[in-house]
Amino acid sequence: MTSALLARSVLAGLFVLFCGVAPAWSQAPSSLPGGKDISKLSSGEYALDKSHANIVFKINHLGFSNYIGRFNSFDAKLNFDAKAPEKSMLEVTIDTSSIDTNHEKLQTELKGEKFFNSAKFPSATFKSTKITHSGDKGTVIGDFTMMGVTKPVTLNVTFHGGGVGPFSKLETLGFNATTTIKRSEWGLNALVPMVSDDVQLDIEVEFNGKSPVATVPPAASTQDDAKKK
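Keep in mind it's a predicted model, so treat the numbers as computed, not measured. (Residues numbered from 1 in each chain as written. Predicted model: local features only at pLDDT ≥ 70, side-chain atom pairs only at ≥ 80, totals over all residues. Heavy atoms only, no water.)

1. Some remarks on the packing of aromatic side chains
Heads up, the rule is: Any Phe, Tyr or Trp ring, taking Trp's six-membered ring, that has another such ring centre within 6.5 Å forms a pair; planes under 30 degrees apart are called stacked, those over 60 apart edge-to-face, and the others tilted. Note on conventions: DSSP H or I runs of at least 4 residues are helices, E runs of at least 2 residues are strands, and numbering of each starts at the N terminus. Exposed residues in this analysis have more than 50% of their type's maximum accessible area, buried residues have under 20%, and partly exposed residues fall in between, with area computed by a 1.4 Å probe over protein chains only.
For the structure shown, the criterion picks out six aromatic pairs. Consider the rings of Tyr 46 and Phe 80, whose centres lie 6.0 Å apart with planes at 90°: the pair is edge-to-face. With a gap of 34 residues between them, Tyr 46 in strand S1 (residues 44–48) and Phe 80 in strand S4 (residues 74–80) connect regions that are remote in the sequence. Neither residue differs from the other here; Tyr 46 and Phe 80 are each classed as buried. Relative to Phe 71, the ring of Phe 57 has its centre 5.8 Å away and its plane inclined at 50°; by these criteria the two rings are tilted. Of this pair, Phe 57 sits in strand S2 (residues 54–61) while Phe 71 is found in strand S3 (residues 65–71), placing the two residues 14 residues apart along the sequence. Phe 57 sits in the buried class, given a relative accessible area of 10%. Through a chain of ring-to-ring contacts, three or more aromatic side chains come together here, namely Phe 57, Phe 71 and Phe 116.

Encoded structure:
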């Protein structure tokens, strides 16, 4: 294939790709759909949007740096009460073997018996027991179970906003949560204090309602009004 023909093929492919995605992007709103008014949102069960969720941890290494990693596989469900958010319920399950430190040898060690022992304890769970809130800030207190040990953990939560996603058409809720735990309390004692006992967690999540929100395009609404007249 000549360079000219190759260039035309690449351009043609880009044109097809652009045309395929352009209609979706052309429907993007001119302003952010998320709002802070909880009273305008719907109560009910919300599922985790795994494509917009992250659990990131930070731990000090030898006093030289803060090492950062994440878990790639986890799930959560939220039973949300818009009228009384403190009555909401949250459950989270984390696959400990999905730990990702961007270092294959270290990941293998962390899954082993000296650390998470993922073969024996494949998951860690969190179940809320108490929720408090004031405006867009709050706490979610719950039982965190890891390696067969259950202890209370408090998540400091910020509500980013809620509304209907312009592409998913699902009612969406977005949150950030942070906390610091002492890993030794759950039996993760290896290399303390050279690798710090304190582990910082930073969590970003979006939850989606189960059913699309019905919307009527303005043009269709105008046509219906015209027919009625």
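2. Structural notes on the confidence of the model for the protein chain
For the record, the criterion: For every residue, the predictor reports its confidence as pLDDT, a number between 0 and 100. Between two residues, a contact is recorded if the distance between any of their heavy atoms is within 4.5 Å.
When pLDDT is averaged along the protein chain, the result is 87, and 80% of the positions lie at 70 or above. Predicted confidence is poor over residues 14–23, with pLDDT under 50, and the contacts of this stretch with residues over four places away or in other chains come to zero contacts. Here residues 216–223 is a poorly scored stretch, pLDDT under 50, and it has one contact once near neighbours within four places are set aside; other chains count.

3. Looking at the pattern of salt bridges
The following threshold applies: Between Lys or Arg on one side and Asp or Glu on the other, a salt bridge is scored when a side-chain nitrogen of the former is within 4 Å of a carboxyl oxygen of the latter.
Enumeration according to the criterion identifies four salt bridges in this entry. In this structure, Lys 50 engages Asp 75 in a salt bridge whose closest nitrogen and oxygen atoms are separated by 3.8 Å. Here Lys 50, found in the loop between S1 and S2, pairs with Asp 75, found in strand S4; they are 25 residues apart in sequence, far enough to count as distant. Asp 75 sits in the partly exposed class, given a relative accessible area of 36%.

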